[in-house]
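Listed here are the chains, written in short residue letters.
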Amino acid sequence: MKLFRPLLVGLGAMALGLTAHAAGGAKHAHAPDDGWPFAKVPAGQLDKESVQRGFQVYKEVCSTCHSMKLLSYRNLGEKGGPFYSDEYPNANDNPLVKAIAAEVEILDPNPDENGDPVYRPAIPADTFRSPYPNDQAAMAANGGAMPPDLSVITKARGHGAEGEGASYIYSLMTGYKDDKIKTKVGEDGLNVNYIEFDDGETVGTLTQPTGLYYNPYFAGDATPQWDGDPRHVPYGGFLAMAPQLPDGRVEYIDGTEATTSQMAYDVAQFLQWAGDPKQGQRKSLALPVMIYLVLLSILLWFSYKRIWRNVEH
Ligand code: HEC
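Keep in mind that what you see is a predicted model, and the values were worked out from it rather than measured. (Residues numbered from 1 in each chain as written. Predicted model: local features only at pLDDT ≥ 70, side-chain atom pairs only at ≥ 80, totals over all residues. Heavy atoms only, no water.)

A word on the coordination of the iron atom of the ligand. At this site the iron atom of the ligand is bound by His66 (NE2) and Met241 (SD), with donor distances of 2.0 to 2.1 Å. Because the angles between the 6 donor atoms bound to the iron atom of the ligand fall within 85 to 178°, the donor set is best described as octahedral. Of the two residues, His66 is situated in the loop between helix H2 (48-60) and helix H3 (95-102) and Met241 in the loop between strand S7 (237-239) and helix H7 (260-275); the sequence distance between them amounts to 175 residues. (Donors = N, O, S within 2.8 Å, 3.2 Å for Na, K, Ca; no water. Tetrahedral: all angles 85-135°; square planar, octahedral: opposite > 155°, others 65-115°. Helix = DSSP H or I, 4+ residues; strand = E, 2+ residues; numbered from the N terminus.)

Close contacts around the ligand come from 20 residues, with Cys62, Cys65, His66, Tyr168 and Met241 the closest. Residue His66 places a side-chain N or O atom 2.8 Å away from a nitrogen atom belonging to the ligand. Counted by class, the shell around the ligand contains 15 nonpolar, 4 polar and 1 charged residues. (Near = heavy atom within 4 Å. Polar contact = N/O pair within 3.5 Å; in protein donor to acceptor, adjacent residues only side chain to side chain. Nonpolar A, V, L, I, M, F, W, Y, C, P; charged D, E, K, R; others polar.)

Attention now moves to helix H8 (residues 279-307). The periodicity of an α-helix, 3.6 residues per turn, causes residues three or four places apart in sequence to face the same way. With 29 residues, H8 extends 41 Å from end C-alpha to end C-alpha; this agrees with the ideal 42 Å at 1.5 Å per step. In H8, a bend of some 30° at Ala286 exceeds every other bend along the element, and Pro288, a proline, comes one to four places later. Taken together, the buried positions of H8 are occupied by Gln279, Gly280 and Lys283. Buried positions along H8 lie against H7. (Expected span 1.5 Å × (residues − 1). Bend = angle between axes of the 7 residues up to and from the residue. Buried < 20%, exposed > 50% of the residue type's maximum accessible area, 1.4 Å probe, protein only. Contact = heavy atoms within 4.5 Å.)

By the bridge criterion, 5 bridges tie strand S3 (residues 181-185) to strand S4 (residues 191-199) in an arrangement that is antiparallel. Across the sheet, Lys184 pairs through a bridge with Val192, a residue of S4. In this structure, S4 lies alongside strand S5 (residues 202-208), joined through 7 bridges in antiparallel fashion. In the sheet register, Glu196 faces S5, and the bridge partner there is Thr205. Between S4 and S5, which pair antiparallel in sequence order, lie 2 residues; one of them, Gly200, sits at a positive phi of approximately 85°. (Pairing = 2+ DSSP bridges.)

Attention now moves to the pattern of salt bridges. Summed over the entire model, instances satisfying the criterion amount to 12 salt bridges. We note a salt bridge from Lys182 to Glu196, for which the minimum N-O separation is 3.2 Å. A residue pair is termed long-range when its members are at least 10 positions apart, and Lys182 in strand S3 and Glu196 in strand S4 qualify at 14 residues. What makes Lys182 partly exposed here is its relative accessible area of 36%. For Glu196, a relative accessible area of 42% translates into the label partly exposed. One network of salt bridges, in which partners are shared, links Arg53, Asp254 and Asp266. (Salt bridge = Lys/Arg side-chain N within 4 Å of Asp/Glu carboxyl O.)

What follows deals with the nonpolar core. Grouped together as the largest cluster of nonpolar side chains are 46 residues, with contacts concentrated most on Val57, Met68, Tyr73, Leu76, Phe128 and Phe270. Broken down by secondary-structure element, the contributors of at least two residues to this core are H2, H3, helix H6 (164-174) and H7. The leading source of residues in this core is H7, at 9 residues. For Leu76, the residues in contact, after removing those within four places along its chain, are Phe55, Gly81, Pro82, Phe83, Tyr84, Val97, Ile100, Phe128, Phe270 and Trp273. Ranked by size, the runner-up nonpolar core spans 8 residues in total, among them Phe197, Leu206, Tyr214 and Trp226. (Core = buried A, V, L, I, M, F, W, Y, C linked by side-chain atoms within 4.5 Å.)

On to the packing of H2 against H7. Here H2 crosses H7 at 100°, and the two axes come no closer than 7 Å. Relative to H7, H2 is oriented roughly perpendicular. On the side of H2, the interface is formed by Ser50, Val51, Arg53, Gly54, Phe55, Val57 and Tyr58, while H7 contributes Gln262, Met263, Tyr265, Asp266, Val267, Gln269, Phe270 and Trp273. Looking at side-chain class alone, the contact of H2 with H7 contains 9 nonpolar, 4 polar and 2 charged residues. (Axes fitted to C-alpha atoms, helices over the stretch in contact; angles between N-to-C directions. Parallel < 35°, antiparallel > 145°, perpendicular 65-115°, else oblique.)

This is how it looks when you write it as structure tokens:
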């Protein structure tokens with residue numbers, strides 16, 4: 001029996017996994033129509049201007065709730081970063097990076113000589129300022145849900161394939177059904193938000209719990225809120241983040257029209273860069289390295305032939 005226990009546990013876990021899958025599951029994230037420039041083979045690169053706009057979206061929208069603790073302002077001006085310039089190989093000297101940092105006021109880790117806290121404008125070496133002093137404050141401000149740190153979110157939500165994490169961000173940010181939400185008065189006299197589905201198989205209404213928002217790409221199970229055919233529960237679940245990117249939410253410095261999908265595209269590409277700031281350099285090395293290796297192999301082959309030329313074997 002002892003031997004069977006792990007087996008049973010395994011089977012139990014499998015059964016659970018299967019039922020969870022049967023109850024909808026999240027919709028598979030997809031890349032934008034034209035794909036990701038950085039995912040093009042053999043050595044696609046991030047679209048630098050898009051990453052710059054994405055930083056603007058992060059700064060003006062996402063940074064009010066989400067930290068990016070692994071990033072310093074300096075990173076923005078390093079090679080491969082959105083504000084890198086050949087004129088300033090040392091990002092600490094880059095005036096744009098300095099100006100971006102100086103816009104933010106941070107608490108200096110060192111108090112003054114009386115032990116009082118010191119607030120000062122950030123410098124390039126400082127890490128991105130976090131919106132909340134600690135996790136408790138972050139959750140208290142967001143109805144008990146924790147806005148995750150976005151430093152490596154594209155890695156955390158990707159499964160290894162190039163661009164998967166960025167596609168998840170893009171799909172999530174554009175996937176809300178906010179234009180479909182209707183309101184009715186519930187049995188208790190309070191307003192209830194709901195979404196009507198009628199697309200062939202998935203027919204019914206989905207009640208949206210207060211403070212939560214339906215998104216087909218967010219992992220979850222919408223069964224308890226679904227009144228239609230239980231075999232066709234809508235994909236996805238509910239999350240505590242309201243839709244963030246209505247058309248025109250930011251006014252792009254470069255004049256690009258700020259549609260929902262444009263902003264989602266840009267911020268996804270910014271987060272893709274942030275999750276792996278050296279990816280561009282690594283990729284631009286890939287081709288030369290391959291050519292070098294091929295040439296080296298040919299050279300080795302001929303020198304081998306030459307060295308062993310007069311040896312019987
Ligand atoms: C008003 C606060 C707020 C703003 C602004 C905000 N978020 Fe969120 N976000 C949240 C909260 C809260 C959660 C956690 C939701 C949950 O777990 O139910 C979250 C979760 C997320 C997640 C994680 C989803 C997952 O798979 O766990 C991503 C990605 C995300 N936000 C991206 C963004 C981006 C990109 C922006 C800017 C365009 C942004 N958020 C703006 C509050 C916010």
